[in-house]
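Examination of the molecular architecture
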Amino acid sequence: MRELIIQELVSADGYVAGPDGELDFFESVTDYGQVDQDNLRILANVDTVLLGAETYRMFVRYWPTADETVAKTVNTLPKVVFSATLDKAPWGDWEAARVVRGDAAEEVAALKRLPGKDMMLWGSLSLARSLIGAGLLDELQRPPSD
């Protein structure tokens, strides 16, 4: 059975951004070389990315045109966006994400039963909490660091 991996960047007190929504903590990493290699190793065992609507909006502004080692892998992985408001989820020139408006736990449970590699959920704290609460989490990771 496929596993659900949740990978989060969260402070010890539960925040994912600064007081004004800033993400400048990404700039504190000076060399992403090893981080990128670790992420590519992890993503080799993943064939589906899960995102909530807010994380999708943030990611789609960056990843489709990013010039990073992991960008092609991130952009080519199939994505599922859970949202009550989105009708579609384009991903630049890459394949669009599939939007699911229904029960996320029910959808993820069904996806876990399908053949394939693991699924990775990035960000999307509300979605992560609901999937953890439904007993669907198999692995909780912090991203590799330099």
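Heads up: these notes are all about the structure in this document. Everything numeric in this text was worked out from a predicted model, so none of it was measured. (Residues numbered from 1 in each chain as written. Predicted model: local features only at pLDDT ≥ 70, side-chain atom pairs only at ≥ 80, totals over all residues. Heavy atoms only, no water.)

**Focus: the overall build of the chain**
Helices and strands together make up the secondary structure of the chain, namely five helices and seven strands. Counting from the amino terminus, the chain carries its helices and strands in the arrangement β-α-β-α-α-β-β-β-α-β-α-β. Counting all 146 residues of the chain, 40% fall into the buried class. Considering only intrachain contacts with a sequence separation of at least 6, the fraction spanning at least 24 residues in the chain is 73%. For the chain, the accessible surface area stands at approximately 8500 Å², while carbon and sulfur atoms represent 52% of it. (Helix = DSSP H or I, 4+ residues; strand = E, 2+ residues; numbered from the N terminus. Buried < 20%, exposed > 50% of the residue type's maximum accessible area, 1.4 Å probe, protein only. Contact = heavy atoms within 4.5 Å. Areas by Shrake-Rupley, 256 points an atom, 1.4 Å probe, with all protein chains shown as cover.)

**So, helix 2 (residues 53-60)**
Every buried residue belonging to helix 2 is among Ala53, Thr55, Tyr56 and Phe59, and all of these are buried. Projection of helix 2 onto a plane perpendicular to its axis shows the buried side chains occupying an angular sector of 160°, all on one side. Of the surrounding secondary structure, the elements contacted by the buried residues of helix 2 are strand 2 (46-52), strand 3 (79-82), strand 4 (89-91) and strand 6 (118-122). (Arc of directions from axis to C-beta.)

**Focus on empty space enclosed by the protein**
Throughout the structure, instances matching the rule amount to one cavity of 30 Å³ or more. For the largest cavity, the calculated volume is near 50 Å³. In terms of lining, the largest cavity is formed by Asn75, Thr76, Leu77, Pro78, Lys79, Glu95, Ala96 and Ala97. Of all elements in the fold, only helix 3 (71-76) and strand 5 (94-100) reach the threshold of two or more residues within the lining of the largest cavity. No other element matches strand 5, which puts three residues into the lining of the largest cavity. Across the lining of the largest cavity, the residue classes break down as four nonpolar, two polar and two charged. (1 Å grid on protein atoms, 1.4 Å probe; cavity = no way out; pocket = protein on both sides within 12 Å on 5 of 7 lines; lining within 4 Å. Points joined across faces, edges and corners; volume = space filled by probe spheres on them. Nonpolar A, V, L, I, M, F, W, Y, C, P; charged D, E, K, R; others polar.)

**Let's talk about the side chain of Thr48**
Looking at where Thr48 falls in the secondary structure, it is placed in strand 2. Here the side chain of Thr48 touches Asp47 through a polar contact of 3.0 Å, side chain to side chain. Sequence-distant contacts of Thr48, defined by excluding residues within four places in its chain, comprise Arg2, Pro78, Val80, Asp118, Met119 and Met120. (Polar contact = N/O pair within 3.5 Å; in protein donor to acceptor, adjacent residues only side chain to side chain.)

Coordinates in, geometry out; function isn't part of it.
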